[in-house]
Amino acid sequence: MKVFFDERQLLHAPDREMHNGSWTSYQETPSRAVNIADRLKDYERPGDFGLDPILQVHTEKYVDFLRDAYAQWTEAGREGDAIAYAFPIVGRRGLNLKRIDAKLGAFSFDTATPLTENSWTSAYWSVQTALSAVHHLEHSSDTVAFALCRPPGHHAGADYMGGYCMLNNAAVAARYAHMQGLGPVAVLDIDYHHGNGTQDIFYADPNIYFASIHADPANDYPFYWGHADEAGKGPASGSNLNIPLPRDTELPVYRAKLELALDHIVEWGSRFLVVSFGADTHIDDPISHFRLRTEDYFTLGKMIASRRLQTVIVMEGGYATSILGENVSSFLEGVMS
Ligand code: OKP
Ligand code: ZN
C-alpha cells in the first residue's frame, strides 16, 4: 500500500495546550508521525496540488489568516505560540477586525490549536498527502492508499481551526475525489472524537455522505457537535450519520456500530471512501476513554476493506505515541488482508 508523508509536516510543534483548565505539554507532537513513519518504513513524498483544492473547502479569508497569523502575532510584540483568548459567540456580528487577537478568536472554536512560525507549512503538506493519495487511486489500479496526515484535520471547518486541526485533510480529499468524478464519495470518521469540521463542511452538501463513530459529545470534546439527531440539512438531509458511544466501549459494540455505518455508506451508493482514522480509541490513549486493543484495528480494517470501495485512509488522532505506529500498521494490515 502506498503511503504519503512529507517531513515538512513535522515543523509544527507548539509548546503547550489547555487541558481540562490547566496547561499541559502539547499532545499532538511531531513524534507521533515519526513513530508511524518509522514503523511503516516506506513512504513517498506527496505531489503539490496547490491552493485550489484547499479553497474548494476553506474560505479565502481563513486561508489568508492561517498563512499570516504568526507574523501578525510577532508584529504585535508577542512571544511563543499564538493562541486565541476571546471568541465571537453565536449571534455576534461578522466583524472584520484587524487585531490579531480578535482574528485568532474569530477563526477558531477552542484554544487547542496554537500557531507557530511553521504551522501553515505543516498544515499545507499534510493536506497535500491526502490529495496525493486520492490522485494515486485515480491513476493506478490500487484500491487503497494511506495519507500519513499530521497535523490532523477533522475538527477544522470551512473558516475555523480547533482541536489540533487547521486544514481539513479528509474534507479536501473527499471534495477533490468528488470533483474528479470518483464518487459518490463518503467520509467515515473513526477517530475517538467527533469530526465536527467535516460534518459542518458537508452538512448541506448532498454530494458527500458523512458518518462518524465517536465518544458521546454529552461527555467528551467537542461537545457541541456529534449528537445522534444531527442528520444533515436541506437537500443533504439524511446524508449525515452520527453514532455516539459511551465511555469504555470495547470491540464487540464498536464493530457492530462500524458494520451499521458501513451498511449506510453502501446503501447511500458510495463508490469512493475517505476514512478519517484515529487510533485514540485505543485503551492506552492518554486523552480518550474507549478500550480498543492493537489487534482490534486489524478487525476494523478488514471490515472496511470487505466493502470493496476505493479507499483513502487519512490519519487523524492517536496520542499513545510509543504504540501509535503499531496500531496504525495493525489497521493497514487488516485493510490489506
Ligand atoms: C484531536 B483529534 C480535553 C481537551 C481536548 C483537544 C482534543 C483534540 C483531539 N480535555 N483537547 O480528534 O484526535
Ligand atoms: Zn481524536
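The preceding data block contains the structure.
Keep in mind that this is a model prediction, so the values were computed, not measured. (Residues numbered from 1 in each chain as written. Chains lettered and ligands numbered in written order. Predicted model: local features only at pLDDT ≥ 70, side-chain atom pairs only at ≥ 80, totals over all residues. Heavy atoms only, no water.)

**Student:** Help me understand the packing of aromatic side chains in this model?
**Tutor:** Aromatic rings considered in pairs are described by the distance between their centres and by the relative angle of their planes. Under the criterion given, the structure shown has 20 aromatic pairs. Each ring, one from Phe-5 and one from Tyr-43, has its centre 5.2 Å from the other, and the planes form 85 degrees; the classification is edge-to-face. Of this pair, Phe-5 sits in the loop between β1 (2-4) and β2 (16-19) while Tyr-43 sits in the loop between α1 (30-40) and α2 (52-55), and the two are 38 residues apart along the sequence. When its relative accessible area of 32% is taken as the criterion, Tyr-43 is described as partly exposed. On the basis of an interplanar angle of 25 degrees and a centroid distance of 6.2 Å, the ring pair of Phe-109 and Tyr-221 is categorised as stacked. Of this pair, Phe-109 sits in the loop between α4 (100-106) and α5 (119-138) while Tyr-221 sits in the loop between β6 (208-215) and β7 (240-245), placing them 112 residues apart in sequence. Taking the relative accessible area as the measure of exposure, Tyr-221 reaches 24% and is therefore partly exposed. When the ring centre of Trp-23 is taken as reference, the NZ or CZ atom of Arg-16 above it lies at 3.9 Å. (Phe/Tyr/Trp six-rings, centres within 6.5 Å; stacked < 30°, edge-to-face > 60°. Helix = DSSP H or I, 4+ residues; strand = E, 2+ residues; numbered from the N terminus. Buried < 20%, exposed > 50% of the residue type's maximum accessible area, 1.4 Å probe, protein only. Lys NZ or Arg CZ within 6 Å of the ring centre and 35° of its normal.)

**Student:** For this particular structure, what's the right way to read the environment of Gly-226?
**Tutor:** Here Gly-226 shows up in the loop between β6 and β7. Overall, the relative accessible area of 0% leaves Gly-226 in the buried class. Spatially, the C-alpha atom of Gly-226 lies 20 Å from that of Phe-107, the residues being 119 residues apart in sequence.

**Student:** Before we go on, may I ask you to explain the site of ligand 1 in this structure?
**Tutor:** Taken together, His-19, Asn-20, His-154, His-155, Gly-163, Tyr-164, Asp-191, His-193, Tyr-221, Asp-280, Gly-317 and Tyr-319 make up the full set of residues adjacent to ligand 1. At 3.1 Å, a side-chain N or O of His-193 approaches an oxygen atom of ligand 1. Within the side chain of Asp-280, a nitrogen or oxygen atom sits 2.9 Å from an oxygen atom of ligand 1. In the complex, the protein chains occlude 90% of the 410 Å² of accessible area that ligand 1 would expose alone. (Near = heavy atom within 4 Å. Polar contact = N/O pair within 3.5 Å; in protein donor to acceptor, adjacent residues only side chain to side chain. Areas by Shrake-Rupley, 256 points an atom, 1.4 Å probe, with all protein chains shown as cover.)

**Student:** Which parts of the structure should I look at to understand the nonpolar core?
**Tutor:** The tendency in soluble globular proteins is for nonpolar side chains to be buried as a group. Core analysis: the biggest nonpolar cluster contains 50 residues, and Phe-65, Leu-66, Leu-104, Leu-115 and Phe-272 have the highest contact counts within it. If you tally residues by element for this core, the top one is α5, at 10 residues. Residues contacting Leu-66, with those up to four places away along its chain left out, are Leu-115, Trp-120, Met-161, Met-166 and Leu-167. Formed by 43 residues, the second largest nonpolar core is a distinct cluster that contains Ile-36, Ile-243, Ala-279 and Met-315. (Core = buried A, V, L, I, M, F, W, Y, C linked by side-chain atoms within 4.5 Å. Contact = heavy atoms within 4.5 Å.)

**Student:** Sorry if this is basic, but what is going on with the sheet that holds β6 here?
**Tutor:** Sheet strands associate in pairs through backbone hydrogen bonding, adopting either a parallel or an antiparallel arrangement. Pairing is parallel in the open sheet, where seven strands are placed in the order β1-β4-β9-β8-β5-β6-β7. Each edge of the sheet is formed by a strand with only one pairing partner; in this case those strands are β1 and β7. With direction set aside, neighbouring strand axes in the sheet form an average angle of 15 degrees. (Pairing = 2+ DSSP bridges. Axes fitted to C-alpha atoms, helices over the stretch in contact; angles between N-to-C directions.)

**Student:** Would you mind showing me how to read the coordination of the zinc ion (ligand 2) here?
**Tutor:** Perfect tetrahedral coordination of a metal by four donors corresponds to 109.5 degrees between them, and perfect octahedral coordination by six donors corresponds to 90 or 180 degrees. In this structure, Asp-191 (OD), His-193 (ND1) and Asp-280 (OD) serve as the protein donors to the zinc ion (ligand 2), at separations of 1.9 to 2.1 Å. If you list the donors of the zinc ion (ligand 2) from N- to C-terminus, the spacing comes out as D-x1-H-x86-D. Here Asp-280 lies in the loop between β8 (272-277) and α9 (294-305) and Asp-191 lies in the loop between β5 (185-189) and α7 (196-202), a separation of 89 residues in the sequence. For the residue pair Asp-191 and Asp-280, the accessibility class agrees, reading buried in each case. (Donors = N, O, S within 2.8 Å, 3.2 Å for Na, K, Ca; no water.)

Remember, this is a structural readout, not a statement about activity or role.
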